[in-house]
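# Structure assessment
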Amino acid sequence: PEYLFPVFLVVLAMVVAFVFVPADLARETAALDRLRTETSLRAIAAAKLIYYTGLLLVPLAVFTLGGAVFGYDVRPLSPLAVLGLVLGFVILAAISMTITVLTRFQASGRFLNVVLLLGTIGLSGLAFPVGFFSPVRTTIARLLPTHYAMITIRSGMLKGAGVGDFFGWLAGLAVLAAVCVGALAASLAYYRRTSP
């Protein structure tokens, strides 16, 4: 059961990133004209991203409490686990928000986000090490940032590994998170320029 703690935590974060964040952003559709004139769309998107990233502290606290109640040796609040979860979440939430904006907040964007959620869960190798999979599936899993986020989270929660042990991977996830946030900013600029 201890091994599944990080899996449940990551799947929960993925559902929030691909379902709740885009749905919350899409609810703003009616107010977009007012938001475009009174404040920056970037500020609204940044506020949502920061809010939902901060909201990850709730499941981290719940998983810490659950681990203590059941007597499991898990450390959800270890720095490595928290950094892996936050960086992975920012990557996925920025991707889902970019899709939502590029599809102009339509249902097709939400559908595409759910498809990406299911594909990411299925292909990332979250529950089993990639050695259990075929060579093709192993290669696909190693191309996804969620695979690396999962390894850092699992290593921090279950093995007590430190940030220094995975500094290169965390740096790679941070660069990818910056690229995804940049793509979100570019999609917002495109939306603003092309909206009537």
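Residues numbered from 1 in each chain as written. Predicted model: local features only at pLDDT ≥ 70, side-chain atom pairs only at ≥ 80, totals over all residues. Heavy atoms only, no water.

## Quick notes on the overall build of the protein
As a reminder, the rule being used: A run of H or I in DSSP becomes a helix once it reaches four residues, and a run of E becomes a strand once it reaches two; helices and strands are each numbered from the N terminus. As defined in this context, the radius of gyration uses C-alpha atoms, and a globule is described by 2.2 Å times the residue total to the power 0.38. Relative accessibility decides the category of a residue: with a 1.4 Å probe and only protein chains considered, values under 20% of the type maximum give buried, values over 50% give exposed, and everything between is partly exposed. By the convention used here, residues are in contact when the closest approach between their heavy atoms is within 4.5 Å. Areas reported here follow the Shrake-Rupley algorithm with a probe of radius 1.4 Å; residue values treat only the protein chains shown as occluding. Charge convention: Lys and Arg are scored as positive, Asp and Glu as negative, and His as well as the terminal groups of each chain are ignored. Just so you know, the charge point we use is NZ for Lys, CZ for Arg, CG for Asp and CD for Glu.
A tally of helices and strands in the protein yields nine helices and zero strands. N-terminal to C-terminal, the α/β element order of the protein is α-α-α-α-α-α-α-α-α. In terms of C-alpha radius of gyration, the protein reaches 17 Å, essentially the compact-globule figure of 16 Å for 196 residues. Its C-alpha atoms give the protein principal-axis dimensions of roughly 55 × 40 × 30 Å. The proportion of buried residues among the 196 residues of the protein is 44%. At a minimum sequence separation of 6, the contacts of the protein that also span at least 24 residues come to 79%. Accessible surface for the protein amounts to roughly 9700 Å². Of this, 73% is attributable to carbon and sulfur atoms. For the protein, the distance from the average position of its 14 positive side-chain charges to the average position of its 7 negative side-chain charges is 9 Å.

## Concerning helix H4 (residues 57-70)
Rules: Take the residue count of a helix, subtract one, and multiply by 1.5 Å to get its expected span. Note: the arc covers the axis-to-C-beta directions of the helix.
A rise of 1.5 Å per residue sets the reference length of H4, with its 14 residues, at 20 Å; its end C-alpha atoms lie 20 Å apart and thus fit the reference within 8%. Every buried residue belonging to H4 is among Pro 59, Leu 60, Phe 63, Gly 66 and Gly 67, and all of these are buried. All buried residues of H4 lie within an arc of 130 degrees about the axis, which places them on one face of the element. With respect to the buried face of H4, the exposed residues turned more than 90 degrees away are Leu 57, Val 62, Leu 65, Ala 68 and Val 69. Turning to H4, the residues buried within the fold contact helix H1 (4-26), helix H3 (41-55) and helix H5 (79-102). After H4 finishes, the residue Gly 71 shows a positive phi value of roughly 75 degrees.

## Describing the packing of aromatic side chains
Keep this limit in mind: Think of it this way: a Phe, Tyr or Trp ring, Trp meaning its six-membered ring, pairs with another when their centres are within 6.5 Å, and the plane angle makes it stacked under 30 degrees, edge-to-face over 60, tilted otherwise. Think of it as a cone above the ring: NZ of Lys or CZ of Arg counts as a charge over the ring if it is within 6 Å of the ring centre and within 35 degrees of the ring normal.
Scanning the entire structure with this criterion turns up seven aromatic pairs. Between the aromatic rings of Phe 5 and Tyr 72, the centroid separation amounts to 5.4 Å while the plane-to-plane angle is 85 degrees, which identifies the pairing as edge-to-face. In this pair, Phe 5 is assigned in helix H1 and Tyr 72 in the loop between H4 and H5, connecting sequence segments 67 residues apart. Looking at Phe 5, the relative accessible area reads 10%, which means it is buried. What makes Tyr 72 partly exposed here is its relative accessible area of 24%. Taken together, a centroid distance of 5.4 Å and an interplanar angle of 55 degrees make the contact between Phe 166 and Trp 169 tilted. In textbook terms, an aromatic cluster arises when at least three aromatic residues are bridged by ring pairs, as seen for Phe 5, Phe 63, Phe 70 and Tyr 72. One Lys or Arg, Arg 137, reaches over the ring of Phe 133 and ends 4.1 Å from the middle of that ring.

## Regarding empty space enclosed by the protein
Here is the rule: Only protein atoms enter the 1 Å grid used here. Points where a 1.4 Å probe fits but cannot escape make up a cavity, open sets with protein on both sides within 12 Å along at least five of seven lines make up a pocket, and a residue lines them when an atom lies within 4 Å of a point. Grid points are joined across faces, edges and corners, and a volume is the space filled by probe spheres set on the points. In this classification, the charged set is Asp, Glu, Lys and Arg, the nonpolar set is Ala, Val, Leu, Ile, Met, Phe, Trp, Tyr, Cys and Pro, and all remaining amino acids, among them Gly, are polar.
All told, the structure shown has two cavities of 30 Å³ or more when counted by the stated rule. Roughly 80 Å³ of internal volume is contained in the largest cavity. Of all the secondary-structure elements, those providing two or more residues to the lining of the largest cavity are H1, H5 and helix H8 (145-159). Sort the elements by how many residues they give to the lining of the largest cavity and H5 lands first, with five residues. The class makeup of the residues in the lining of the largest cavity is nine nonpolar, three polar and no charged.

## Some points on the confidence of the model for the protein
Condition: The predictor reports its confidence for every residue as pLDDT, a score running from 0 up to 100.
Scored by pLDDT, the protein comes out at a mean of 90, with 95% of its residues at no less than 70. Looking at the elements of the protein, mean pLDDT is at its lowest for helix H2 (residues 32-38), recorded as 58, and at its highest for H5, recorded as 96.

## Observations concerning the nonpolar core
Here is the rule we go by: Among buried residues, those of type Ala, Val, Leu, Ile, Met, Phe, Trp, Tyr and Cys that are joined through side-chain atoms within 4.5 Å constitute a nonpolar core.
Membership of the largest hydrophobic core comes to 48 residues, with the highest contact counts inside it found for Leu 85, Phe 89, Met 97 and Met 157. When contributions to this core are tallied by element, the ones reaching two or more residues are H1, H3, H4, H5, H8 and helix H9 (167-194). With residues up to four places along the chain from it excluded, the contact list for Met 97 reads Val 21, Leu 25, Ala 45, Lys 48, Leu 49 and Leu 184.

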